[in-house]
Amino acid sequence: MNTETIRVHAESSRQADQSQNRKRTAAKRGTPTLTDRNKRNKQDKLAKRLMLPGIIVTAVITQIPFLGTLFYSFFNWNIMRPDLGMRFNGIGNFVTILEAPEFYTVLENTVILTVASLLICLVLGMFLALLLNRDFFGKGFLRTLIISPFFIMPAVSGVLWKNMIFNPMFGLLAWMFKSVGLPPVDLAANHPLSLVIYIVTWEWTPFFMLVLLAGLQSVPGEIIESSMLDGATRVQQFFHIIIPHLMRYIEVAVFLGLVFILSTFGEIYVATQGGPGYASTNLSYYVFREQIQNSQYGLASAIAVIIVILSVACMTLLFRTLRKQFGGTLA
Amino acid sequence: MKQVWKTGLTVLTYGLAIAYFFPIFLMFITGFKTERDAFHMPPTLFFHPTLVNYENVFNSGIAAFMGNSLIAAFGSTIVSLLLGAPVAYALAIYKPKKGDDIFFWFISTKILPPVGVIIPIYLLFKNLGLLDSLTGLILLYTGMNTPTVVWMMRSFFSDIPYEVIEACQVDGATGLQAVFRVIIPLVKPGLISTGLLCMVFAWNEFFLAVNISYTNSATLPVLVSSFMTSEGLFWAKLSAVSTVAVLPALILGWFTQKQLVRGLTMGAVKG
């Protein structure tokens, strides 16, 4: 099968998608009463009234406090030293942080944790989705088993993995290593970040699987059939038809994964306490350490501001493509 | 040959599914073991189950934490649905000007990590006397869940044909009548699964809980983590606590798995 026909198939798949969407919107818009301007205005007013409470509450709880964080980030303020009070420090806090070597360790940890987890989740999730997208006995039950880790609270996953599986003395893995004659590995002490990655991917792969499975199930059957007639191999089909079709699903999964994995906290708090040293501290945990353990409110605020700037910058990128993908088809 | 290949893949799927679920299963059975049995390696499947861990756990006051979790999760879900569903309805049915912008603004509130706001919230709550109170926790979880409700419900509301709403108006139903008699029954499955998902998120939430609650309003995740630090080597007891803590969310989650994807992929999936 040559690439040209493959491209044609992929293209027609996309067009089929789009025309379906168009039809859906057209059907909704079709009624002439809707175009009536008076009615339009009345509806806009009604919509506004319905939306206002939700918008106000969400803004007040999730957005406005950030202005407070921004404000505190310019002050020197150690809550354990009330005698010193709150002293304006200009950009001093930011300078302190950017000069602290541990900040870069933490930044690196955050990037490694997030990128590695997302990649593993994506690949494993894809693999599981492909496996589950076949007909066999017990399919629904297996999907339920696999999705379960997603609903386990982070604090418990941390406990579970650290104690029962990775405990170097009594854990399951230590026993398995010993029984084949290898020395047990103390992951929490020697590779703390991989322990956290392990836990996070265990929790998030199921979600990726679920989203990708939904995507796989929406691949139009005719296109697969006609590509088969043209002699496409399974692998060609996968890369030229299925993957392009899955792009929007991948984007949603990655976006959601990024939002949650970037602010990973519970797993670290329970499994490694960010240590040893700063080896498994990510940015979220770093703020917690400065605020709770060192009582440096100004400094912690400055880190929070840096986190927000970084994550907003990196997510806006993804968010834009997301919006481009979905903005037009939001029927 | 093809049959062998297929069976092989099925066996592999079974193996992977069991591997994913295994830690949860291990926790579940360890809760019924004595501390001695809990440390036995490899873990034994055949042992004399005991309820002593659960007795201990329930006697040591888990009920208060559970009550807190329940109130915080349930309360915030109700408020979020009351605030978020009208937004989703307005976005889906009336398609107001800038509707897309508003929808994406709601989603974008998720970009701001909770640590970005924790210090002012902590200080504000301290001044308002909301620190370590369930009201405070419900308030924060409402902020966390309202965007989720808008995000998910919009797709369920968009499935209602406009003709249905028009028909209501033609029949002379008032706005409220139309909503309660026609629209809510139509989106009921979506509403329920969205609500359940919000409860799961609030139930499992850890960062905000550990930062603003200590004694009066501490939730189950906070209890579990305190167990971890103070009684880390009592695996059987720890397992019993953890099982009690995860079971409600796990069961709710199982019921929502299908609608979850559909709502979160912005209605791109119907199913």
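Quick notes on the rules
- Residues numbered from 1 in each chain as written.
- Chains lettered and ligands numbered in written order.
- Predicted model: local features only at pLDDT ≥ 70, side-chain atom pairs only at ≥ 80, totals over all residues.
- Heavy atoms only, no water.
- Helix = DSSP H or I, 4+ residues; strand = E, 2+ residues; numbered from the N terminus.
- Buried < 20%, exposed > 50% of the residue type's maximum accessible area, 1.4 Å probe, protein only.
- Areas by Shrake-Rupley, 256 points an atom, 1.4 Å probe, with all protein chains shown as cover.
- Lys, Arg positive; Asp, Glu negative; His and termini not counted.
- Charge placed at Lys NZ, Arg CZ, Asp CG, Glu CD.
- Phe/Tyr/Trp six-rings, centres within 6.5 Å; stacked < 30°, edge-to-face > 60°.
- Lys NZ or Arg CZ within 6 Å of the ring centre and 35° of its normal.
- UniProt positions renumbered as here; feature names shortened; annotations may be inferred.
- Expected span 1.5 Å × (residues − 1).
- Bend = angle between axes of the 7 residues up to and from the residue.
- Core = buried A, V, L, I, M, F, W, Y, C linked by side-chain atoms within 4.5 Å.
- Contact = heavy atoms within 4.5 Å.
- pLDDT = per-residue confidence, 0-100.

A. Region of the structure containing the overall build of chain B. Each helix and strand counted, chain B has twelve helices and zero strands in total. Across its three principal axes, chain B shows a C-alpha extent of roughly 70 × 70 × 35 Å. The 271 residues of chain B split such that 58% are buried. When the accessible area of chain B is evaluated, it comes to approximately 11300 Å², of which 71% is carbon and sulfur surface. Here chain B contributes 16 positive and 12 negative side-chain charges, whose respective centroids are spaced 7 Å apart.

B. Structural detail: the packing of aromatic side chains. Counted by the stated rule, this structure contains 37 aromatic pairs over all chains. Between A:Phe150 and A:Phe151, the ring centres sit 5.3 Å apart and the planes meet at 70°, which makes this aromatic pair edge-to-face. Per residue, the accessibility class of A:Phe150 equals that of A:Phe151, and both read buried. One aromatic cluster is present, formed by A:Phe150, A:Phe151, A:Trp204, A:Phe207, A:Phe208, A:Phe260 and B:Phe201 through successive ring pairs. Directly above the ring of A:Tyr278 sits A:Arg289, whose terminal nitrogen or CZ lies 4.2 Å from the centroid. Here the guanidinium or amino end of B:Arg154 rests over the ring plane of B:Phe103, the centre of that ring lying 4.4 Å away.

C. Spotlight on the UniProt feature "domain: ABC transmembrane type-1" (unreviewed entry) in chain A. In the numbering used here, UniProt assigns the feature "domain: ABC transmembrane type-1" (unreviewed entry) to residues 107–318 of chain A. Across residues 107–318 of chain A, helical content stands at 76% and strand content at 0%; the span's end C-alpha atoms are separated by 20 Å.

D. Highlighting the UniProt feature "transmembrane region" (unreviewed entry) in chain B. With numbering matched to this structure, UniProt assigns "transmembrane region" (unreviewed entry) to residues 12–32, 70–91, 103–125, 131–153 and 234–256 of chain B. Annotated as residues 12–32 of chain B, this span is 90% helix and 0% strand, and its ends, taken at the C-alpha atoms, are 30 Å apart.

E. Local environment of helix 2 (residues 37–72) of chain A. With 36 residues, helix 2 of chain A should reach 52 Å at 1.5 Å per residue; the first-to-last C-alpha distance of 49 Å fits that figure. The sharpest bend along helix 2 of chain A measures roughly 40° and falls at A:Val60.

F. Spotlight on the nonpolar core. Formed by 184 residues in total, the largest nonpolar core has its most connected members in A:Phe255 and B:Phe157. The greatest single-element share of this core, amounting to 17 residues, is contributed by helix 9 (residues 192–217) of chain A. In this structure, A:Phe255 is in contact with A:Met315, A:Leu318, A:Phe319, A:Leu322, B:Ile107, B:Ile111 and B:Trp151, ignoring residues within four places of it in sequence.

G. Spotlight on the confidence of the model for chain A. Residue and element names in this part refer to chain A. Across chain A, the average pLDDT comes to 81, with 87% of residues at or above 70. Within chain A, helix 1 (residues 3–29) has the poorest average pLDDT of any element, 50, and helix 4 (residues 101–132) the best, 92. Counted against residues more than four places away or in other chains, residues 19–24, with its pLDDT under 50, gives two contacts. For the stretch residues 26–32, pLDDT sits under 50, and the model shows nine contacts to residues farther than four places along the chain or on other chains.

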